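Descriptive analysis of the structure
Residue strings, one per chain:
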Amino acid sequence: MKMPFKFLLFVVMSLTLIFAVGCAQTDEKTSEPEKAEVKKESTESSSKEEVKDKGVVNLYTSRHYDTDTELYKKFEEQTGIKVNVIQGDGSELMERLEREAEATEADVFLTADAGNLARLKEKGLTQSVTSDVLATNIPEKLRDVDNEWFGLTKRARVIVYSKDRVDPSELSTYEALTDAKWQGKVLIRSSENIYNQSLVASFIELNGEEQAKEWAAGILANMAREPQGGDTDQVKAVVAGEGDIAISNTYYVGRLLNSTNQEEVKIGEQVGIFFPNQDTTGTHINISGASVTKHAKNVENAIAFLEFLSGEEAQAAFAEGNNEYPVNEAVEASETLKSWGEFKEQDINLTILGENNARAIQIFNEVGWK
């Protein structure tokens, strides 16, 4: 028996409708996870945007190391705070900061030597900072007594000697370098250099002004040549035979030994490191450090930046990348620094180096050390 045409049409339309509804439901179920995923990505994107938008910290620095640049990037990634860097000569940057006064954009001033940081403070260009993190990470003697500057890396000012011509058993103290046996054999840079000013400033504190003056006069009498160049130049002059010993900061030798230039590596390998005064007052140490500027516009970001640089990650990078001793005692020195052995440091707060700086300069002038 044949079915009526209208009945067949009704059946076909019904089946078509049921199929369409089923497909629509399947599509809805399939698309739900996709919608959820899109929503999740949107949330993550929003979260990242929040991390990026935490303002800036404006940095004036006399340091020019790749390690520092990498650390600034890591700080930005971890905090969302943009680091704007102005590099230049330390004295020129200090003059600029003073000239700009309240109009300055600088939040942090980073430079070498406690003496320079003390000058910054004396000019009224810094402010006191309260931070439990900085107090924990940085030993008291490596930060200003008023918390207006903080040491971030450490270096020792040592005797560098020719391995071919000097037996280290002949070496003992800074004072012994004034003996007649070293006449015409000592290499050291100008008295205008802050490293030497801080060295004599430490002698004033530990030995008194008269002995500090006698030391300066004795070194002048034993110089192999008139002061010229930086610490690296003194080390190279030792290898060239212009003198037998030099006074230099440790990280300059570390930099030679770890250079990509094989000629520089050879120079570093021909000299030895001797830590003077191990049985008396200890070896002179100094720092690179930083201050929050007096007129900083981003104080909280500036403090966060210093806290990051004093933390274990940054301190390890300074040690490995620059061969500077970490100030954070939880961090180990680089393998190069370890190879030279441990040593006794002068036990003075580095604030004293700034306090004695003017008298140290006077002593240099009085003895005729150019």
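Quick summary incoming for the structure in this document. (Residues numbered from 1 in each chain as written. Predicted model: local features only at pLDDT ≥ 70, side-chain atom pairs only at ≥ 80, totals over all residues. Heavy atoms only, no water.)

Right, let's talk about the overall build of the chain for a bit. Scanning the chain from terminus to terminus reveals 15 helices and nine strands. The burial tally for the chain puts 49% of its 370 residues in the buried class. About 18600 Å² of surface is accessible on the chain, with carbon and sulfur atoms providing 50% of the total. (Helix = DSSP H or I, 4+ residues; strand = E, 2+ residues; numbered from the N terminus. Buried < 20%, exposed > 50% of the residue type's maximum accessible area, 1.4 Å probe, protein only. Areas by Shrake-Rupley, 256 points an atom, 1.4 Å probe, with all protein chains shown as cover.)

Our focus in this paragraph is helix 12 (residues 312-322). Among all positions of helix 12, only Ala-314, Gln-315, Phe-318, Ala-319 and Asn-322 are buried. Here the buried residues of helix 12 occupy an arc of 140° about the axis, which is enough to place them on one side. Counted as exposed and oriented over 90 degrees from the buried face of helix 12: Glu-312 and Glu-320. In this fold, the buried residues of helix 12 make contact with helix 2 (66-79), strand 4 (150-162), helix 9 (250-257), helix 11 (299-310) and strand 9 (325-326). Downstream of helix 12 by one or two residues, Asn-323 has phi in the positive range, about 55°. (Arc of directions from axis to C-beta. Contact = heavy atoms within 4.5 Å.)

Attention now moves to the packing of helix 6 (residues 194-207) against helix 7 (residues 209-221). Where helix 6 contacts helix 7, the two axes come as close as 7 Å, and the packing angle between them is 140°. When the interaxial angle is binned, helix 6 and helix 7 end up oblique. Here helix 6 and helix 7 pass one another in a crossing that is right-handed. Contact with helix 6, carried on its side by Leu-199, Val-200, Phe-203, Ile-204 and Asn-207, involves Glu-209, Gln-211, Ala-212 and Trp-215 of helix 7 and no other residues of that element. For the contact of helix 6 with helix 7, the per-class residue count stands at six nonpolar, two polar and one charged. (Axes fitted to C-alpha atoms, helices over the stretch in contact; angles between N-to-C directions. Parallel < 35°, antiparallel > 145°, perpendicular 65-115°, else oblique. Left-handed = near helix turned anticlockwise from the far one by under 90°. Nonpolar A, V, L, I, M, F, W, Y, C, P; charged D, E, K, R; others polar.)

The subject of this paragraph is the pattern of salt bridges. The final tally for this structure, using the stated rule, is 25 salt bridges. A salt bridge links Arg-63 to Glu-324, with the shortest nitrogen-to-oxygen separation between them at 2.9 Å. Of this pair, Arg-63 sits in the loop between strand 1 (56-61) and helix 2 while Glu-324 sits in the loop between helix 12 and strand 9, and the two are 261 residues apart along the sequence. Classification of Arg-63 by relative accessible area gives buried; the value is 5%. Overall, the relative accessible area of 0% leaves Glu-324 in the buried class. Linking Glu-76 and Lys-82 is a salt bridge whose minimum nitrogen-to-oxygen distance equals 3.7 Å. Overall, Glu-76 belongs to the partly exposed group, its relative accessible area being 23%. Residue Lys-82 is classed as partly exposed on the basis of its relative accessible area of 44%. (Salt bridge = Lys/Arg side-chain N within 4 Å of Asp/Glu carboxyl O.)

This brings us to the nonpolar core. With 82 residues, the main nonpolar core has Trp-215, Ile-245, Phe-305, Leu-306 and Trp-369 as its most contacted residues. Considering each element in turn, this core owes the most residues, seven residues, to strand 4. In contact with Trp-369, not counting residues within four places along its chain, are Ile-188, Arg-189, Ser-190, Ser-191, Asn-196, Trp-215, Ala-216, Ile-219, Leu-220, Met-223, Pro-227 and Phe-364. Core analysis: the next-biggest nonpolar cluster, separate from the first, contains eight residues, Tyr-60, Leu-97, Ala-106 and Leu-120 among them. (Core = buried A, V, L, I, M, F, W, Y, C linked by side-chain atoms within 4.5 Å.)

In this section: the pairing of strand 8 (residues 284-292). In terms of residue burial, strand 8 counts as a mostly covered element, since nine of its nine residues are buried. Inspection of the sheet shows strand 3 (residues 108-112) paired to strand 8 by five bridges, in the antiparallel sense. Each residue of the ladder has a partner; that of Val-108, found in strand 8, is Val-292. (Pairing = 2+ DSSP bridges.)

Next up on the list: the packing of helix 7 against helix 15 (residues 357-367). The N-to-C vectors of helix 7 and helix 15 enclose an angle of 45°; their axes lie 9 Å apart at closest approach. On the basis of their axis angle, the class for helix 7 and helix 15 is oblique. Remark: the crossing between helix 7 and helix 15 carries right-handed chirality. Contact residues: Glu-209, Ala-212, Lys-213, Ala-216, Ala-217 and Leu-220 in helix 7; Arg-359, Ile-363, Glu-366 and Val-367 in helix 15. The residue inventory of the contact of helix 7 with helix 15, partitioned by class, reads six nonpolar, no polar and four charged.

Moving on, we come to the pairing of strand 3. Of all five residues that make up strand 3, five are buried, and the element is covered over most of its length. Across the two faces of strand 3 the burial is the same, with Val-108, Leu-110 and Ala-112 and Phe-109 and Thr-111 all buried. Here strand 1 pairs with strand 3 via three bridges, running parallel. Among the inter-strand pairings, Thr-61 is bridged to a residue of strand 3, identified as Leu-110.

This next bit is on the environment of Phe-275. With respect to the helices and strands, the residue Phe-275 is situated in the loop between strand 7 (271-274) and strand 8. Residue classification places Phe-275 among the buried residues on the basis of a relative accessible area of 8%. Discounting chain neighbours no more than four positions away, the residues touching Phe-275 are Ala-156, Val-158, Thr-250, Thr-283, Tyr-325, Trp-340, Gly-341 and Phe-343.

All right, on to the packing of aromatic side chains then. Counted under the stated rule, the structure contains 11 aromatic pairs. Seen from their ring centres, Tyr-325 and Phe-343 are 5.6 Å apart, and the 65° between their planes marks the pair as edge-to-face. On the criterion of sequence distance, the pair formed by Tyr-325 in strand 9 and Phe-343 in the loop between helix 13 (335-339) and helix 14 (351-355) is long-range, its members being 18 residues apart. Looking at Phe-343, the relative accessible area reads 16%, which means it is buried. In this structure an aromatic cluster arises from ring pairing among Tyr-174, Phe-203, Trp-215, Phe-364 and Trp-369. (Phe/Tyr/Trp six-rings, centres within 6.5 Å; stacked < 30°, edge-to-face > 60°.)

Read these as geometric descriptors, not functional statements.
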